[in-house]
Amino acid sequence: MAEKAAKEPWDFKPADKSKYKAKAKALVEADLRTAFATPEKQKRHELVEAANAKLKAELLGAEADANEEVLLGSVFKELEQEVVRGDIIRTSAASTGVT
């Protein structure tokens, strides 16, 4: 039964994020650092969203497809994590003020 139901494995290659990583870091890392240094949650959220919008406006053209938008979103999320984790390691405090 398992042999009959089995499917052939397919060759999966994850998308190449390298074309966006350096550009994203140069464009919005400072904005994210400012955002995560802001103690008020609503303001912090607004600043993060503004950085995301700035990144999309700069790097995605009007004709960008959904795959590119998802790829850029993934790069942005990784940069967010890098900034937050780096700040926690350096300062021993989260952006929420919890130590």
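Draft legend 1. Spotlight on the pattern of salt bridges. All told, the structure shown has eleven salt bridges when counted by the stated rule. The salt bridge involving Asp-31 is made with Lys-54; its shortest N-O contact spans 3.0 Å. In this pair, Asp-31 is assigned in helix α2 (residues 18-36) and Lys-54 in helix α3 (residues 41-59), connecting sequence segments 23 residues apart. Judged by relative accessible area, Asp-31 falls into the partly exposed class, the value being 27%. The salt bridge involving Lys-56 is made with Glu-69; its shortest N-O contact spans 3.9 Å. Here Glu-69 lies in helix α4 (residues 66-91) and Lys-56 lies in helix α3, a separation of 13 residues in the sequence. For Glu-69, a relative accessible area of 40% puts it in the partly exposed group. Connected via shared salt-bridge partners are Glu-29, Arg-33, Asp-87 and Arg-90.

Draft legend 2. Region of the structure containing the confidence of the model for the protein. Mean pLDDT for the protein: 87, with 92% of residues reaching 70 or above. The weakest mean pLDDT in the protein belongs to helix α1 (residues 2-5) at 74; the strongest belongs to α3 at 95.

Draft legend 3. Looking closely at the environment of Leu-72. Structurally, the position occupied by Leu-72 is in helix α4. Residues Leu-72 and Ala-35, 37 residues apart in the sequence, show an inter-C-alpha distance of 19 Å. Ignoring anything within four residues of it in the chain, the contact list for Leu-72 reads Tyr-20, Leu-55, Lys-56, Leu-59 and Leu-60.

Calculation rules
- Every chain begins its residue count from 1, and numbering advances along the sequence as written.
- Note on the predicted model: pLDDT of at least 70 is required for a residue's local features to be given, and 80 or more for side-chain atom pairs to be given and counted; whole-chain, interface and lining totals, by contrast, use all residues.
- Side-chain metrics rest on all non-hydrogen atoms present in the structure, leaving aside hydrogens and water.
- For this analysis, a salt bridge means a side-chain nitrogen from Lys or Arg found within 4 Å of a carboxyl oxygen belonging to Asp or Glu.
- Numbering of helices and strands runs from the N terminus; a helix is a DSSP stretch of H or I covering at least four residues, while a strand is a stretch of E covering at least two.
- Buried means the residue's accessible area, taken with a 1.4 Å probe over protein chains only, is under 20% of the maximum for its type, while exposed means over 50%, and partly exposed covers the values in between.
- The predictor rates its confidence in each residue with pLDDT, a number between 0 and 100.
- Residues count as neighbours in contact if any of their non-hydrogen atoms are within 4.5 Å of one another.

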